[in-house]
Structures are given as structure tokens and as C-alpha cells.
Amino acid sequence: MKNRVRQLREARGWSQGALAEHLDVSRQTVNAIENGKYDPSLPLAFKLARLFKQRIESMFDPDEER
Amino acid sequence: MVGTWGIRKMDEWPTWQRWGTWLLGCALYAGSFWVLFANDGLGIRVVALVGLCVGLLVLTYASRAVLNERMRTVDRRYVRAVLPAFLVYIVMALYVWPLADRTTTHWLKAVLVLLPALPMVYVAWAVIRYVNRCDELERRQQLEAAGIAVVVVGLASMVLGLLAAARLIHVNGALALILVLPALCCVWGMVCSWSKWRNRAR
């Protein structure tokens, strides 16, 4: 699934490690989500959306495979 | 970022320093293990146990650092639970388990040979707690690794069993049963490491 996590993270000037600390996950999880290798669960997707103050559907595009 | 004692966090060290520390941890761990089982002297064994502790700690921190990861609370809790239990197991295997040969009382013998299993039960509980506290991707990796470990060790046991049944090889049954858990842990650890390496952050 395509997502805008990297774009939103970089816009805030955060490293993957910083985002991982905000979400209480490992850096590899952030990396896997950004590269489309792993689709987050609904709770983690909501956590991301709240953190970036976005709507889930504006962050994740289920129709577009990466 | 600067950590405790003004030292930069290990995941921010240059690559060669992180890998160098990892290799140092491996050497310290393997060397201490060898010294521990190759010598009888109490003094040298205590030194080896300390070396083993330090080696394991360095290895744990460096293993995460080479993957560009930082030790999290969940990792530190796991190390704090597993390290003492592992040391108790080694001490029991070295000093309690051999006492069983000196007794003829069945129940006492059973207690002495089973005592080293107690810290391993605690380790198993710590592993379950650790996996439950990992994030969702890590839990999936652990599950996949555990599945692969069961298949690999199960198949290897079946192949060895078939060869032994046909009397083509001789397998020490007791030793084979003791080695099942370490074999499962080894394959599980290797698959987990490979999976984490593939997804490592850059």
C-alpha cells in the first residue's frame, strides 16, 4: 500500500528513529512502512494519522501498490 | 544524541565502530564460554563468567546498533531478565548437575538434574513477555522465525531418527533431546536476525 509517511516525516525534519520513538515502535518498522514492505495495523495507522494530524485515507492509498 | 556518562548512543557511531564492537562482543562471549568449560579453577571460572556477562551485554547493544536500532525499554527489560537467569543456569550446570553422580537417592538425583531447567523456565517466560511487548512487525517476524525453526528442527530430527532407526548412524537419545531447545533457539535467532537485517533502517 502506498503511503505518505516518509513525506510527512521529512516535512517535520524527523529521522526514522525519532518517529519510531514517537510511535513506540522499532526503526525497522518505520522503515518497512515507508518503503511499503509492511502495512501497519489499524491502531498503528490511527497513531500515525493522529501524530501527523492527518486523515487515514489521506495518508494511505489502498488502491496503489508500491 | 549523548547518552549516560556523556557517551554518544551506539547507533550513532560510525559503521566500523559498531561492527568492531559487535565483533569484540562475539569474541568476548565465545572466548569466555570456552574458558568456562575448559578450566576447573574457581577463580578463572568467575573471571570467565564476568567476561560472559560483559560479552553478552556488548553483543546485545551492538547487535541492535549494527541494524541502526537503539535499545528500547522492552529490550533492556529482556536483557535484565535473561542475563541473570542464564548465569544461574551455567553455574547450576557446572556445579549442581554433576552432584547427581554422587547420590543414589532417586528423588534427590531427579531434583539435582532438573534444577538447571528452572532458570530456563524463567527465560522462556521472559521470552514470551518480550515477544508480547515487541511492536507488530517484530511480533510477525518472531512468529515466522518460530515457525521456520520448528520446521527445520523437526525435519532434522526426523532425518536423524530415520538414519538411526536403520542403524546407519548412532544417535545419543538423551543428548539429542537436550539439544532440541538450543537448536530451536539457534534457528529462531538466525531467522529473526536475517529478517531484521532485511528491514533495517538506513
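In this text the structure is predicted, and so the values were computed from the model without any measurement.

(A) Local environment of unusual backbone geometry. Residues and elements named next belong to chain B. One non-glycine residue, Asn68, lies in the positive phi region at around 60°. Following the sequence through the fold, Asn68 ends up in the loop between helix H2 (42-66) and helix H3 (73-96). Phi at Arg167 takes a positive value of approximately 60°, unusual for a residue other than glycine. Mapped onto the elements of the fold, Arg167 is located in the loop between helix H6 (136-165) and helix H7 (173-198).

(B) Up close: the interface of chain B and chain A. Across the boundary between the two partners, chain B contributes 12 residues, which contact 14 residues of chain A. Ranked by residue count, the leading element in the side of chain B that touches chain A is H6(B), at 3 residues. Within the side of chain B that touches chain A, the residues separate by chemical class into 3 nonpolar, 2 polar and 7 charged.

(C) Quick look at the nonpolar core. Core analysis: the biggest nonpolar cluster contains 11 residues, these being A:Val5, A:Leu8, A:Leu19, A:Ala20, A:Val25, A:Val30, A:Ala32, A:Ile33, A:Tyr38, A:Leu48 and B:Leu137. Mapped by element, the contributors of at least two residues to this core are helix H1 (5-11), helix H2 (16-23) and helix H3 (27-34) of chain A. Per element, the largest residue contribution to this core is 3 residues, and it comes from H3(A). In contact with A:Leu48, other than residues within four places in its own chain, are A:Val5, A:Leu23, A:Pro40 and A:Met59. If you look at the next biggest cluster of nonpolar residues, it comprises 7 residues, including B:Met10, B:Ala62, B:Ala65 and B:Val66.

Cut-offs applied
- Residues numbered from 1 in each chain as written.
- Chains lettered and ligands numbered in written order.
- Predicted model: local features only at pLDDT ≥ 70, side-chain atom pairs only at ≥ 80, totals over all residues.
- Helix = DSSP H or I, 4+ residues; strand = E, 2+ residues; numbered from the N terminus.
- Contact = placed C-beta atoms within 7 Å.
- Nonpolar A, V, L, I, M, F, W, Y, C, P; charged D, E, K, R; others polar.
- Core = buried A, V, L, I, M, F, W, Y, C linked by C-beta atoms within 7 Å.
- Buried ≥ 20, exposed ≤ 12 C-beta atoms within 10 Å, placed from the backbone.

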